[in-house]
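Read off the chains here:
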Amino acid sequence: MKLGEKIRYLREVEGSLRGLGRPMTQQEIVRALRKELGQGKSISQSYLSQIENGSRPHMTQSSRALLAKFFKVHPGFLVDDPEGYHAELTSDLRTVEGQLDVWLLQGSERFASDPEVSNVLIKAAREKNTRRCLLLLGAILDTPGLADRLLEALRPELTAGSDHHRAAHAEGRRIR
């Protein structure tokens, strides 16, 4: 994936995350950068446009760091993937983090019609250690009854009236 494609994709995800129902415009990104990261910390809309259309194939280190901080991605994500790059052949943990983040962000777009699920996928992708976040989820799901107890404690509105569902789910577990 080229740098410009990644920036466009991140604008789409950011628009979804902010409840716009559309990608953020380049100008909206520039304004949000200034507002959220400080007046002196920004890039111009024309610079962002040059990156996206490929006329500027590389960013300065400071621009990369600024956009990575804004989009909450690893700075190493904001470069062109090498020609013939195959993510499944790499084992560097930072690359795995980037792959997980991209996968989760793509999933968030696929589930845009379910804003709660979409937002959770975006939150997971924005976690500093995405891999650890997913491993935690696995550990929760491996512990019998823990997911239900956590959901009851943290989001009781989701469990209200679902006693029948919970009983059916527990019965299904015994059958397996």
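Scroll up for the structure.
Residues numbered from 1 in each chain as written. Predicted model: local features only at pLDDT ≥ 70, side-chain atom pairs only at ≥ 80, totals over all residues. Heavy atoms only, no water.

Attention now moves to the nonpolar core. Core analysis: the biggest nonpolar cluster contains 30 residues, and Leu33, Leu67 and Leu78 have the highest contact counts within it. When residues of this core are traced back to their parent elements, those giving at least two are helix 1 (3–17), helix 2 (26–37), helix 3 (45–53), helix 4 (61–71), helix 5 (93–110) and helix 6 (115–126). With sequence-adjacent residues up to four places away left out, Leu78 is seen in contact with Leu3, Ile7, Leu10, Met59, Arg64, Leu67, Ala68 and Val73. (Core = buried A, V, L, I, M, F, W, Y, C linked by side-chain atoms within 4.5 Å. Buried < 20%, exposed > 50% of the residue type's maximum accessible area, 1.4 Å probe, protein only. Helix = DSSP H or I, 4+ residues; strand = E, 2+ residues; numbered from the N terminus. Contact = heavy atoms within 4.5 Å.)

Before going further, it helps to spend a moment on helix 3. Buried within helix 3 are the following residues: Tyr47, Leu48, Ile51 and Glu52. Projected down its long axis, helix 3 shows its buried positions confined to an angular sector of 135°, all on one face. Buried residues along helix 3 sit in contact with helix 1, helix 2 and helix 4. Following helix 3 by one or two positions, Gly54 has its phi on the positive side, about 85°. (Arc of directions from axis to C-beta.)

Inspection of the entire model under this criterion finds 1 aromatic pair. Ring centres of Phe70 and Phe71 lie 5.1 Å apart, and the angle between their planes is 75°; this geometry places the pair in the edge-to-face category. One exposure class covers both Phe70 and Phe71, and it is buried. We note Lys6 situated over the ring of Phe77; from NZ or CZ to the ring centre the distance is 4.6 Å. (Phe/Tyr/Trp six-rings, centres within 6.5 Å; stacked < 30°, edge-to-face > 60°. Lys NZ or Arg CZ within 6 Å of the ring centre and 35° of its normal.)

So, on to unusual backbone geometry. Positive phi is not limited to glycine here, since Lys72 has a value of about 60°. Here Lys72 lies in the loop between helix 4 and helix 5.

Here the structure, examined in full by the defined rule, presents 8 salt bridges. Residues Arg126 and Glu14 are paired through a salt bridge, measuring 2.0 Å at the closest nitrogen-oxygen approach. Of this pair, Arg126 sits in helix 6 while Glu14 sits in helix 1, and the two are 112 residues apart along the sequence. Glu14 sits in the buried class, given a relative accessible area of 2%. Of the charged contacts in the structure, one is a salt bridge between Arg155 and Glu116, with a shortest N-O distance of 2.7 Å. Taken together, the positions of Arg155 in the loop between helix 8 (146–154) and helix 9 (156–159) and Glu116 in helix 6 put the pair 39 residues apart, joining distant regions of the chain. (Salt bridge = Lys/Arg side-chain N within 4 Å of Asp/Glu carboxyl O.)

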